[in-house]
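What follows is each chain in one-letter form.
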Amino acid sequence: MLTSAYGVVLVLAQVTLSGPWLRTTERSCCDACGVEKVAIAQEIMRLQTCPNWRVRDNAAHALRRFDWRCHPEIVDVLATALLKDCHEEVREES
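## A look at the environment of Val90
By secondary structure assignment, the location of Val90 is in helix H5 (residues 88-93). Residue Val90 is classed as buried on the basis of its relative accessible area of 0%. As a C-alpha pair, Val90 and Arg54 span 36 residues in sequence and 7.7 Å in three-dimensional space.

## Side note on the confidence of the model for the protein chain
Any residue range with low pLDDT should be treated as having predicted coordinates unsuitable for detailed reading. Taken residue by residue, the protein chain gives an average pLDDT of 77. The fraction at 70 or more is 64%. Per-element averaging of pLDDT across the protein chain places helix H1 (residues 2-17) at the bottom with 48 and helix H3 (residues 53-64) at the top with 95. Within the model, the stretch residues 6-12 combines pLDDT values under 50 with zero contacts to residues more than four positions away or in other chains. Low pLDDT (under 50) marks residues 15-27, which in the prediction has five contacts with non-local residues, meaning those over four places away or in another chain.

## As for helix H2 (residues 37-49)
End to end, H2 covers 18 Å across 13 residues, agreeing with the expected 18 Å (1.5 Å per residue, within 8%). Taken together, the buried positions of H2 are Ile40, Glu43, Ile44 and Leu47. Take H2 and look down its axis: the buried residues cluster within an arc of 100°, on one side only. Among the exposed residues of H2, those pointing more than 90 degrees away from its buried face are Met45 and Thr49. Lining the buried residues of H2 we find H3, helix H4 (73-84) and H5.

## Let's talk about the packing of H2 against H4
Orientation of H2 relative to H4, taken along the N-to-C sense of each, is 15°, at an axis distance of 10 Å. Considered as vectors, H2 and H4 are oriented roughly parallel to each other. In this structure, H2 meets H4 at a crossing whose hand is left-handed. Where H2 approaches H4, its residues Ile40, Ile44, Leu47 and Gln48 are matched on the opposing element by Glu73, Ile74, Val77, Leu78 and Ala81.

Definitions and limits used
- Residues numbered from 1 in each chain as written.
- Predicted model: local features only at pLDDT ≥ 70, side-chain atom pairs only at ≥ 80, totals over all residues.
- Heavy atoms only, no water.
- Helix = DSSP H or I, 4+ residues; strand = E, 2+ residues; numbered from the N terminus.
- Buried < 20%, exposed > 50% of the residue type's maximum accessible area, 1.4 Å probe, protein only.
- pLDDT = per-residue confidence, 0-100.
- Contact = heavy atoms within 4.5 Å.
- Expected span 1.5 Å × (residues − 1).
- Arc of directions from axis to C-beta.
- Axes fitted to C-alpha atoms, helices over the stretch in contact; angles between N-to-C directions.
- Parallel < 35°, antiparallel > 145°, perpendicular 65-115°, else oblique.
- Left-handed = near helix turned anticlockwise from the far one by under 90°.

Right, dumping it as structure tokens:
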């Protein structure tokens, strides 16, 4: 009986102490342009790894609408696709 009471107290203490006031959350959006970093990472992953050329073409098109000054990794990804992608439509979009 005493053990189960300690278990309940322990669970309640963890829930209380792990509240939002103690967490250091990282913003998921870019401070300058407001774009979610996850969206950019997903499009980069699609462009680099998807076997379907249409999906890669759409990803290259989607990456063009992001600001390259805030996210310079986009330039590298598009340049690599421009030089090395096996389908000409993806190279053209890049």
